[in-house]
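Structural features, examined
Listed below are the residues making up each chain.
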Amino acid sequence: MYKYDQYDQSIVDARVAEFRDQVERRLAGEITEDQFKPLRLQNGLYLQLHAYMLRVAIPYGTLNSKQMKMLAHIARKYDRDYGHFTTRQNIQYNWIQLDQTPDLLEELASVEMHAIQTSGNCIRNISSDQYAGAAADEVADPRPWAELLRQWSTFHPEFAHLPRKFKFAVIASEEDRAAMRLHDIGIQLVHNDAGELGARFFVGGGMGRTPMIGPMVRDFVPADDLVSYAEACLRVYNRYGRRDNKYKARIKILVHELGKDEYTRQVEEEFKHIKTLNLDPPKAELERITTFFQDPDYDLSASDDLDLSDPDFAVWVNQNVKAHKQTGYAIANISLKPIGGIPGDASSAQIDVMADLAKDYSFDELRVTHAQNIVLPHVKKSDLYALWQKLDEAELATPNLDLISDMIACPGLDYCSLANARSIPVAQKIATRFADVGKQKELGELKLKISGCINACGHHHAGHIGILGVDRKGVENYQLSLGGSGAEDVSLAKITGPGFDEDGIVDAVEKATNVYLEQREGDERFVDTYRRVGMAPFKEALYD
Amino acid sequence: MTDIFSLRDDTPVSELPVSIEEFLGGNATAVRIEVGEDTRQLLPYLDRIALVEVSFPAFTDGRGYSAARILREAGYNAELRAQGDVLLDQIRYMHRCGFDSFAPEKPLKADQVDAVLKRFDAVYQSSMDGQNPVWNLRHGG
Ligand code: SF4
């Protein structure tokens, strides 16, 4: 885990003081809400339907138990005893009082956390692979690169007011667990022929109103050029990205309108210039950061055996536990999707339990996933049974990872002021319809994603099944789409046809899954069958 | 005319800046860049320029930051002025990008500007204000 030094700490502390000053000026009436808005937004504070919402950054989704405990403490002291983990690997609190936010941020700073750039048209929290450092298929741990980018992008003076928000993802495996190519910039670490580590840059992916898969603009950026190259990508965007229409302002539109080749040409030209300015960090800096991400002290004689005689435990292991690169260890996923619950929500007590379990069983480390779950990345296999029992007591052992009830849903009309429709009740109804784990397992891997409006925070374009809430003459209506993926087989889902009402969409999902069960061949997943047979049989079942 | 708030030692240029078009066709020494105009057109003439004024029609329009950096990166060191919706909380970013004079639509208080500029004593990235980023300080640079 990265640890702040005096510089990191002083920057975060100064930010707290600055925000305290801004809040005081606002409360004293020295600045108007209009003037205050951009300031609070740069600090992750939104005004929602009912209250302020604060989004706290969890850089690349990694945190330790002390930080996790602080998140529980904040939920207890400043909110209504729960927090909501987001698709950006962050956490949000929905019921925050403005005058308390400076104290809240000060408490966060005491455990090396902050809310910097969790909103606004700037470079947002850098996301990464939730299995980083534990996955057998990675060429390196991507997090040192993500941390370097976090530092570079923090209060970057040139890119504080971009045309639109800007999201990076950094991964280091062929298997893409972070929807890398649906980011403004997606980076995949690779080795070149000389065996050096470098970054493959994909630019201009994204969801929202016009979803796009980011094309590759450079197949290898050496570590020494990373910052210069990123500056070049951003500068071209800052200068030429559209500012006349909020919905055309993301970099994907610029890359699309210029064409990938022309955008790349401009970036390379800018890069050639920027490289002469000596902006890149010294080599030793990435090396310094990398030392914080060494393997934990594994027990090299740990046994690889696992007693699965308890059938409930076996079901959980089978679904939620993944292979670890170290013999005798495993990756344990904690589902925050209990049947009928709110996807991504956890109570303070549950957050505390997860923190304690990380300390006892996972070298003090936790991850937040973009699918709104929690990961304990390094669990000794011989500890899994005890871990599972404690999770079960805390109602955190739902064995549904990657199954239909492990869905992503945005906050929707229950909280979000931009929403057209509610997401949470739809998620709950679908989960309840498919409550039987046997039925879910029969359907296998099925990624269902729900957004409450076209902004697509619920990633519906990337769902094997996607649901989009729209407003039809004042009534909530839900569009169904099929065939998306945010993984290495990245694709965008297609709309089936006319939308459905709230109960209709639940039936429609069930009908779609029935078509799959009838048509599947071999061990095809839902999305594989859809890709093979196409939309027609689904349409027929849905609309006849 | 709005008050000019300058961080420079010399007095602010009082000549009224002309458009890029007019500048390129004449011999004015003060020029104004509107958002969307290509700053690089000025690069061949930096020697004869005493003032570049960059317009910020809205503080949310950040194109002026890149304009400033491009000029400073090319070695321009005369007055670089941000004009328009220039607010206290953007001053630090502007200064880091190379602006050293400000013509805000709503006047700024000197003591507040001072406080804002002094707030952060460490920065993560190199820019045009000469501040040494922490990744150099960490390694004795
Ligand atoms: S998708 Fe729309 S409704 Fe859902 S959180 Fe985003 S903006 Fe709000």
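Quick caveat: nothing in here was measured; it's all calculated off a predicted structure.

A few points about the domain arrangement of chain A
Residue and element names in this part refer to chain A. As far as domains go, chain A holds domain 1 (6–109), domain 2 (134–291), domain 3 (311–393) and domain 4 (408–543). Inter-centroid distance (C-alpha atoms) of domain 3 to domain 4 is 26 Å. Counting residues at the interface gives 12 residues for domain 3, matched by 13 residues for domain 4. Between domain 3 and domain 4, roughly 900 Å² of surface is buried when both sides are summed, and carbon and sulfur atoms account for 61% of that area. Where domain 3 meets domain 4, there are four residue pairs in polar contact (both at pLDDT 80 or more). Counted by class, the side of domain 3 that touches domain 4 contains five nonpolar, six polar and one charged residues.

Some points on the nonpolar core
Residue and element names in this part refer to chain A. Membership of the largest hydrophobic core comes to 146 residues, with the highest contact counts inside it found for Leu71, Phe85, Phe168, Phe201 and Trp316. Sort the elements by how many residues they give to this core and helix α6 (residues 226–240) lands first, with nine residues. Residues within four places of Phe201 in sequence aside, it is in contact with Ile185, Gly186, Ile187, Pro215, Met216, Val217, Arg218, Val221, Leu226, Tyr229, Ala230 and Cys233. Grouped together as the second largest cluster of nonpolar side chains are 31 residues, Leu446, Phe500, Tyr516 and Leu542 included.

Some words on the interface of chain B and chain A
One frequently used descriptor of interface size is the decrease in accessible area upon assembly of the parts. Taken together, the contact pairs 37 residues of chain B with 49 residues of chain A. Of all residues in chain B, Tyr124(B), Trp135(B) and Arg138(B) give up the largest surface area on contact with chain A, accounting jointly for 20% of the area buried on that side. For the pair chain B and chain A, the interface holds 11 salt bridges. Of the charged contacts in the structure, one is a salt bridge between Asp8(A) and Arg138(B), with a shortest N-O distance of 2.9 Å. Connecting chain B to chain A are 23 residue pairs in polar contact (both at pLDDT 80 or more). Those elements giving two or more residues to the side of chain B that touches chain A turn out to be α2 (63–73), α3 (91–97) and α5 (134–137) of chain B. When grouped by side-chain class, the residues that make up the side of chain B that touches chain A number 13 nonpolar, 11 polar and 13 charged.

A word on the pairing of strand β19 (residues 475–482) of chain A
With eight bridges connecting them, strand β18 (residues 465–472) of chain A and β19(A) associate as antiparallel partners. Counted as the bridge partner of Ile465(A) is Leu482(A) from β19(A).

Some points on the packing of helix α7 (residues 251–258) of chain A against helix α8 (residues 260–275) of chain A
All names here are of chain A. At a minimum axis separation of 5 Å, α7 and α8 run at an interaxial angle of 105°. With respect to α8, the element α7 is oriented roughly perpendicular. Across from Ile251, Leu254, Val255 and Leu258 in α7, the residues of α8 making contact are Lys260, Glu262, Tyr263 and Gln266. Looking at the contact of α7 with α8 residue by residue, the classes come out as five nonpolar, one polar and two charged.

What to know about the side chain of Lys449(A)
Residues and elements named next belong to chain A. By the secondary structure assignment, Lys449 is in strand β17 (residues 448–451). In this structure, Lys449 is buried with no salt-bridge partner, the nearest side chain bearing the opposite charge being Asp402 at 7.8 Å. For Lys449, the residues in contact, after removing those within four places along its chain, are His370, Ile408, Gly458, His459, His460, Ala462, Gly463, Ile465, Gly466 and Ile467.

Brief notes about the packing of aromatic side chains
In this structure the tally under the stated criterion is 24 aromatic pairs over all chains. Ring pairs connect the aromatic residues Trp152(A), Phe166(A), Phe168(A) and Tyr237(A), which therefore count as one cluster. Above the plane of the ring of Tyr93(B) lies Arg92(B), whose end atom (NZ or CZ) is 5.2 Å from the centre.

Considerations on a negative patch on the surface
Taken together, Asp312(A), Asp392(A), Glu393(A) and Glu395(A) make up a surface patch of like negative charges. Following the sequence through the fold, Glu395(A) ends up in the loop between α12 (384–393) and β16 (408–409).

Digging into the pattern of salt bridges
This model, assessed by the stated rule, comprises 72 salt bridges over all chains. The shortest N-O distance in the salt bridge between Asp38(B) and Arg239(A) comes to 2.6 Å. One end of the pair, Asp38(B), is in the loop between β3 (30–33) and β4 (51–56); the other, Arg239(A), is in helix α6, on a second chain. A relative accessible area of 29% means that Asp38(B) is categorised as partly exposed. Measuring nitrogen to oxygen at the nearest pair gives 3.6 Å for the salt bridge that ties Glu510(A) to Lys439(A). Taken together, the residues Glu510(A) in helix α15 (residues 502–519) and Lys439(A) in helix α14 (residues 437–443) connect sequence positions 71 residues apart.

Regarding the sheet that holds strand β11 (residues 321–323) of chain A
Residues and elements named next belong to chain A. If you trace the five strands from one edge of the open sheet to the other, you get β3-β14-β15-β12-β11, paired in antiparallel fashion. The two strands at the open ends of the sheet, each matched to only one other strand, are β3 (62–64) and β11. When the angles between neighbouring strand axes are averaged without regard to direction, this sheet yields 30°. Sheet analysis places strand β14 (residues 365–368) next to strand β15 (residues 374–380), joined by two bridges and oriented antiparallel. Paired with Val368 across the two strands is Ile374, which belongs to β15. Sitting on the sheet, helix α3 (residues 65–78) touches β3, β14 and β15, and the angle it makes with β3 is about 90°. Running over the sheet, helix α10 (residues 311–320) touches β11 and β12 (329–334) and is turned about 50° from β11.

The rules behind the values
Residues numbered from 1 in each chain as written. Chains lettered and ligands numbered in written order. Predicted model: local features only at pLDDT ≥ 70, side-chain atom pairs only at ≥ 80, totals over all residues. Heavy atoms only, no water. Domains from an automatic or database assignment. Contact = heavy atoms within 4.5 Å. Buried area = accessible area lost by both parts, 1.4 Å probe. Polar contact = N/O pair within 3.5 Å; in protein donor to acceptor, adjacent residues only side chain to side chain. Nonpolar A, V, L, I, M, F, W, Y, C, P; charged D, E, K, R; others polar. Core = buried A, V, L, I, M, F, W, Y, C linked by side-chain atoms within 4.5 Å. Buried < 20%, exposed > 50% of the residue type's maximum accessible area, 1.4 Å probe, protein only. Helix = DSSP H or I, 4+ residues; strand = E, 2+ residues; numbered from the N terminus. Salt bridge = Lys/Arg side-chain N within 4 Å of Asp/Glu carboxyl O. Pairing = 2+ DSSP bridges. Axes fitted to C-alpha atoms, helices over the stretch in contact; angles between N-to-C directions. Parallel < 35°, antiparallel > 145°, perpendicular 65-115°, else oblique. Lys, Arg positive; Asp, Glu negative; His and termini not counted. Phe/Tyr/Trp six-rings, centres within 6.5 Å; stacked < 30°, edge-to-face > 60°. Lys NZ or Arg CZ within 6 Å of the ring centre and 35° of its normal. Patch = residues over 30% accessible without salt bridge, like charges linked within 9 Å, V, L, I, M, F, W, Y side chains within 5 Å. Areas by Shrake-Rupley, 256 points an atom, 1.4 Å probe, with all protein chains shown as cover. Charge placed at Lys NZ, Arg CZ, Asp CG, Glu CD.

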